[in-house]
Amino acid sequence: MTLRLTADRRLVRAEARSTRYLRVQCTAPEAPTRIERLPLDIALVIDKSGSMSGRPIELAKEAARKAVTMLGPDDFVALVAFDARVELLAEGALLDSTHRRRLLQAIDRLAAGSSTNLSGGWLRGCEEVAASGREQSVARTLLLSDGHANNGITSAEELEQHAGALRARGVVTTTFGIGAGFDERLMEGMAREGGGNFYYLTDAGQLPDFLTSELGEALEVVARDAMLVLDVDEGMMVHCMDQRRMTHRDRTVKIALNDLVSREQVDVLLRGTFPHGVVGEAIGLSARLTDRDDALGAPQARYQWEYARHAENDIQPRDQQVDLAVATSYAAKARQESTERNRGGDMVHGPEILFATARRIREYADGMPEILCLVDDLEETAARHGTRLDAMALKAERFNAYNAMEKKDMMGRRRRHEP
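Residues numbered from 1 in each chain as written. Predicted model: local features only at pLDDT ≥ 70, side-chain atom pairs only at ≥ 80, totals over all residues. Heavy atoms only, no water.

Asker: I'm lost on the side chain of asparagine 342 in this one. Help?
Answerer: Looking at the element boundaries, asparagine 342 is found in helix H8 (residues 320–343). Using a relative accessible area of 0% as the deciding quantity, one classes asparagine 342 as buried. Among the polar contacts made by the side chain of asparagine 342, one reaches the main-chain amide nitrogen of leucine 389 at a distance of 3.0 Å. Excluding residues that lie within four positions of it along the chain, asparagine 342 makes contacts with Met347, His385, Thr387, Arg388, Leu389 and Leu394. (Helix = DSSP H or I, 4+ residues; strand = E, 2+ residues; numbered from the N terminus. Buried < 20%, exposed > 50% of the residue type's maximum accessible area, 1.4 Å probe, protein only. Polar contact = N/O pair within 3.5 Å; in protein donor to acceptor, adjacent residues only side chain to side chain. Contact = heavy atoms within 4.5 Å.)

What follows is the structure, given as structure tokens:
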């Protein structure tokens, strides 16, 4: 595994403060054979509130059955269902033939009920995962819901804090939001703070494929709790443009990459600010990767900028691929902000934000088709946001912005290098 560092511009101003962007790219190694993989500790947490009655609950059951058939005897599996009450349908245990049969029978008995104690169901699932007590495993709680948290803990901020605390203990949360009724901000926030993935399913029919895809990723984890560590030269400040957890200590910056899966393409965008300097001198940072099990081999790289006069800075070439990454990040943030304003009934300021972002991006597009296409998309989005969006449109806009910021594909899956 190698690290590649690429900046939008190589020179910084000696006589003024400068801002530059740095793209950090790496590809996770190939997963070992299935025999050598880390075992999974999994809790399937299924919403069985009244809104899931009929086709949704039947498809959730189909997805759960598929999940059970994918896993093996070294995997630890629990099944939790919730409506107003929380039911532990099958406590966590290794998936021998007896437990597999118990799980499938419990899935068959699932039936829709009343309101939605999302927090209770999710936390019970996390407790089951933590109860496995295994250090050398990949721990996941998979939460499926089509509704709002209207029983138990209902505060998004509090649930996100719990998700972060559980992630710090090694229990990752992935969320699946189904249809028009769920709270996408809550489900996205729990997944982000919980170190997992967030999926938006326009229809319950997508559940079996999405759930098996998520389990397939978990089966191919090659590095747990991966971290990008930056050692930054004196005077330089670094900010992560992505919504990744970041900590500072002295001149060291740590950026969480979460668990990495086989051949995952990792792309982190940084914004650096620089103090005044002396023409010809260099300033920069060193980067390295770490993970819980030292599976990545701790690759390292360094990037340096050179101080130069204004005239040299003004004529220096730009890296268009880094410019595209920067434009994509700012566009995603503008879309998310405009979406939230539309949700609140403000159909004026959201489009203004989108048009202003489009103008700024166009200034450095330099005729690059991909950037100009992004500008056109922002302007089209601004026109749509001039009227009130319905629930499904709000979810689609939020999900698209999330995927752009998280560097995922349009379905919410991690991007992988094709051999």
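Asker: Mind showing me how you'd approach the sheet that holds strand S13 (residues 252–261) here?
Answerer: Backbone-to-backbone hydrogen bonds join strands into a sheet, with any given pair of strands oriented parallel or antiparallel. The six strands lie next to each other as S2-S16-S15-S10-S13-S12, forming an open sheet whose pairing is mixed. Whereas interior strands pair on both sides, the edge strands pair on one side only; in this sheet they are strand S2 (11–13) and strand S12 (246–249). On average, each strand axis in the sheet is inclined to that of its neighbour by 25°, with strand direction left out of account. (Pairing = 2+ DSSP bridges. Axes fitted to C-alpha atoms, helices over the stretch in contact; angles between N-to-C directions.)

Asker: Got a minute to help me understand the layout of surface pockets in this structure?
Answerer: One way to see where empty space is left: roll a probe the size of a water molecule over the atoms. One number sums up the size of the largest pocket: a volume of about 750 Å³. If you go around the largest pocket, you meet 27 residues; those closest to its centre are Thr328, Ala404, Lys407, Lys408 and Arg415. Looking at the lining of the largest pocket, the elements with two or more residues in it are strand S3 (18–27), strand S14 (265–274), H8, helix H10 (369–384) and helix H11 (391–406). Considering each element in turn, the lining of the largest pocket owes the most residues, seven residues, to H8. Taken together, the residues that form the lining of the largest pocket break down as 11 nonpolar, six polar and 10 charged. (1 Å grid on protein atoms, 1.4 Å probe; cavity = no way out; pocket = protein on both sides within 12 Å on 5 of 7 lines; lining within 4 Å. Points joined across faces, edges and corners; volume = space filled by probe spheres on them. Nonpolar A, V, L, I, M, F, W, Y, C, P; charged D, E, K, R; others polar.)

Asker: So what exactly am I meant to see when it comes to the packing of aromatic side chains here?
Answerer: Two numbers describe a pair of aromatic rings. These are the distance of the centres and the angle of the planes. Summed over the entire model, instances satisfying the criterion amount to 11 aromatic pairs. Between phenylalanine 182 and tyrosine 200, the aromatic rings sit 5.9 Å apart at their centres with planes inclined by 45°, giving tilted as the arrangement. In this pair, phenylalanine 182 is assigned in the loop between strand S8 (171–178) and helix H5 (184–193) and tyrosine 200 in strand S9 (residues 195–201), connecting sequence segments 18 residues apart. A relative accessible area of 6% means that tyrosine 200 is categorised as buried. Every member of this aromatic cluster is reached through a ring pair, and the members are Phe182, Phe198, Tyr200, Phe399 and Tyr402. (Phe/Tyr/Trp six-rings, centres within 6.5 Å; stacked < 30°, edge-to-face > 60°.)

Asker: Sorry, what's going on with the environment of leucine 5 here?
Answerer: Looking at the element boundaries, leucine 5 is found in strand S1 (residues 4–7). Sequence-distant contacts of leucine 5, defined by excluding residues within four places in its chain, comprise Leu22, Arg23, Val24, Leu285, Ala287, Ala301, Arg302 and Tyr303.

Asker: Explain the sheet that holds S3 here, please?
Answerer: One open sheet holds the four strands; their spatial order is S1-S3-S14-S11, and the pairing between them is antiparallel. Lying at the two open borders of the sheet, with one neighbouring strand each, are S1 and strand S11 (237–240). The average undirected angle you get between the axes of adjacent strands in this sheet is 30°. As paired elements, S3 and S14 share 10 bridges and run antiparallel to each other. Within S14, the position partnered with valine 24 by the bridge is valine 268. Taken strand by strand, H8 contacts S1, S3 and S14, and its axis lies near 100° from that of S3.

Asker: I tried to follow helix H2 (residues 97–109) on my own but got confused; where do I start?
Answerer: Each turn of an α-helix holds 3.6 residues, which means side chains three or four residues apart point in the same direction. Spanning 13 residues, H2 covers 19 Å between terminal C-alpha atoms, matching the ideal 18 Å at 1.5 Å per step. Of the residues making up H2, those classed as buried are His99, Leu103, Ala106 and Ile107. Relative to the axis of H2, the buried residues are bounded by an arc of 100° and lie together on one face. Those residues of H2 that are exposed and aimed more than 90 degrees away from the buried face are Ser97 and Arg109. Residues of H2 that are buried sit in contact with helix H1 (55–70), strand S5 (76–82) and strand S6 (86–94). (Expected span 1.5 Å × (residues − 1). Arc of directions from axis to C-beta.)

Asker: Please explain empty space enclosed by the protein as it appears in this structure.
Answerer: Across all of its chains, the model carries three cavities of 30 Å³ or more by this definition. Size it by volume and the largest cavity reaches roughly 290 Å³. Along the wall of the largest cavity there are 20 residues; nearest its centre are Arg244, Leu257, Asn258, Glu406 and Lys408. Elements with a contribution of two residues or more to the lining of the largest cavity: S9, S13 and S14. If one sorts the elements of the lining of the largest cavity by residue count, S13 sits on top with four residues. Of the residues that constitute the lining of the largest cavity, the class distribution is four nonpolar, six polar and 10 charged. Approximately 40 Å³ is the volume attributed to the second largest cavity. Taken together, Ser137, Val138, Ala139, Arg140, Gly170, Val172, Arg224, Asp225, Asp259 and Arg292 make up the lining of the second largest cavity. Of all elements in the fold, only strand S7 (138–145) and strand S10 (221–232) reach the threshold of two or more residues within the lining of the second largest cavity. For the lining of the second largest cavity, the leading source of residues is S7, giving three residues. Broken down by class, the residue content of the lining of the second largest cavity amounts to three nonpolar, two polar and five charged.

Interpretation note: all reported values are geometric properties and have no functional meaning in isolation.
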